[in-house]
Amino acid sequence: MMSKPPFPDPPNAPSPTPWVEITTRGHLRAAAAAVIAAARPLVAVTPAGSIDRLGPGWLAALSAGLCLPPALLTLVDCGGRAGWAQAALALGLDIVAPELAPAARPRLAALADQLGRRVLFHRPPALDLGPLADAEAACLRLLLPDGPG
């Protein structure tokens, strides 16, 4: 079994862990299959601003019942909503990415630490799986850019 990769990456540093933006349960399944096949970590993130439309529990509901590998991290982009970031952490999501004023960050980081979760205040770019015909192949290309072996 793969363990959770070290995360978050240092602020403002390029993330060595690839990120994919998911909008469907199929995207989440494809990301999970690619993580298992490649034996490398991947972050599945909600679209920017989606928490305003879908709420903090959307990703938890989307992943309910799926057996996700530990190396597939789930992240909710919380925009400026600290309360919804707290709710997403309480729901068990791995990481939240809120856009908060520096003064508000320590409290949320302390809560995440208590829950064994993570807060990331810098969101790296993510590959949008939405328009792609084969999401699993796209995830594999991110994880194994030089091909298998």
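Residues numbered from 1 in each chain as written. Predicted model: local features only at pLDDT ≥ 70, side-chain atom pairs only at ≥ 80, totals over all residues. Heavy atoms only, no water.

Observations concerning the sheet that holds strand 6 (residues 127–128)
Then comes step 1: The six strands are arranged 5-4-3-2-1-6 in an open sheet whose pairing can be described as parallel. The open sheet is flanked by strand 5 (118–119) and strand 6, the only strands paired with a single partner.
Then comes step 2: The pairing of strand 4 (residues 95–98) with strand 5 spans two bridges and is parallel. Paired with V96 across the two strands is V119, which belongs to strand 5.
Then comes step 3: Contacting strand 1 (19–21), strand 2 (42–45) and strand 3 (72–79), helix 1 (residues 25–38) runs over the sheet at an angle of about 140° to strand 3. (Pairing = 2+ DSSP bridges. Helix = DSSP H or I, 4+ residues; strand = E, 2+ residues; numbered from the N terminus. Contact = heavy atoms within 4.5 Å. Axes fitted to C-alpha atoms, helices over the stretch in contact; angles between N-to-C directions.)

Description of helix 4 (residues 82–90)
Then comes step 1: Along helix 4, the residues classified as buried are A85, A88 and L89. Buried positions in helix 4, seen along its axis, are confined to an arc of 100° and lie on one side of it.
Then comes step 2: Summarising the contacts, the buried residues of helix 4 are in contact with strand 3, strand 4, helix 5 (105–115) and strand 5.
Then comes step 3: Immediately beyond the C-terminal end of helix 4, within one or two residues, lies G92, with a positive phi of roughly 100°. (Buried < 20%, exposed > 50% of the residue type's maximum accessible area, 1.4 Å probe, protein only. Arc of directions from axis to C-beta.)

Comments concerning the packing of helix 1 against helix 6 (residues 135–143)
Then comes step 1: Helix 6 packs onto helix 1 with a crossing angle of 40° between their chain directions and a minimal axis gap of 8 Å. Looking at the two axes, helix 1 sits oblique to helix 6. Relative to helix 6, helix 1 is oriented so that their crossing is right-handed. Counted together, H27, A30, A31, A33, A34, V35, A37 and A38 of helix 1 and A135, E136, C139, L140 and L143 of helix 6 form the full contact between these two elements.
Then comes step 2: In terms of residue class, the contact of helix 1 with helix 6 is made up of 11 nonpolar, one polar and one charged. (Parallel < 35°, antiparallel > 145°, perpendicular 65-115°, else oblique. Left-handed = near helix turned anticlockwise from the far one by under 90°. Nonpolar A, V, L, I, M, F, W, Y, C, P; charged D, E, K, R; others polar.)

With respect to the nonpolar core
Then comes step 1: Ranked by internal contacts, the top residues of the largest apolar core, which has 34 residues, are I22, L42, L59, L72 and V96.
Then comes step 2: When residues in this core are grouped by element, the largest group, seven residues, is from helix 1.
Then comes step 3: Counting residues in hydrophobic clusters, the runner-up holds eight residues, among them W19, V43, L73 and L120. (Core = buried A, V, L, I, M, F, W, Y, C linked by side-chain atoms within 4.5 Å.)

Here's the deal with the packing of helix 4 against helix 5
Then comes step 1: As a packed pair, helix 4 and helix 5 sit with axes 10 Å apart at the nearest point and diverge in direction by 5°. Taken together, the axis directions place helix 4 and helix 5 in an arrangement best described as roughly parallel. Where helix 4 abuts helix 5, its residues A82, A85, Q86, L89 and A90 lie against R107, L108, L111, A112 and L115.
Then comes step 2: A class-by-class count of the residues in the contact of helix 4 with helix 5 yields eight nonpolar, one polar and one charged.

Examining the environment of T24
Then comes step 1: Of note, T24 is situated in the loop between strand 1 and helix 1.
Then comes step 2: Along the backbone, T24 and L129 are 105 residues apart, and their C-alpha atoms lie at a distance of 9.2 Å.
Then comes step 3: Looking at T24, its side chain comes within polar contact range of the main-chain nitrogen of G26, at 3.3 Å. (Polar contact = N/O pair within 3.5 Å; in protein donor to acceptor, adjacent residues only side chain to side chain.)

Quick look at a nonpolar patch on the surface
Then comes step 1: There is a patch of nonpolar side chains on the surface, built from L127, L132 and L142 and spanning about 190 Å² of accessible area.
Then comes step 2: Residue L132 is classed as partly exposed on the basis of its relative accessible area, which comes to 33%. (Patch = residues over 30% accessible without salt bridge, like charges linked within 9 Å, V, L, I, M, F, W, Y side chains within 5 Å. Areas by Shrake-Rupley, 256 points an atom, 1.4 Å probe, with all protein chains shown as cover. Salt bridge = Lys/Arg side-chain N within 4 Å of Asp/Glu carboxyl O.)

Details of the pattern of salt bridges
Then comes step 1: Per the stated rule, a full pass over the model turns up one salt bridge.
Then comes step 2: Ionic pairing is found between D52 and R81, a salt bridge with its closest N-O pair at 2.5 Å. Highlighted residues: D52 in helix 2 (residues 50–54) and R81 in the loop between strand 3 and helix 4, separated in sequence by 29 residues.
Then comes step 3: A residue is classified by how much of its surface remains accessible, and D52, at 48% relative accessible area, is partly exposed.

Scope: geometric values only; no functional claims are made or implied.
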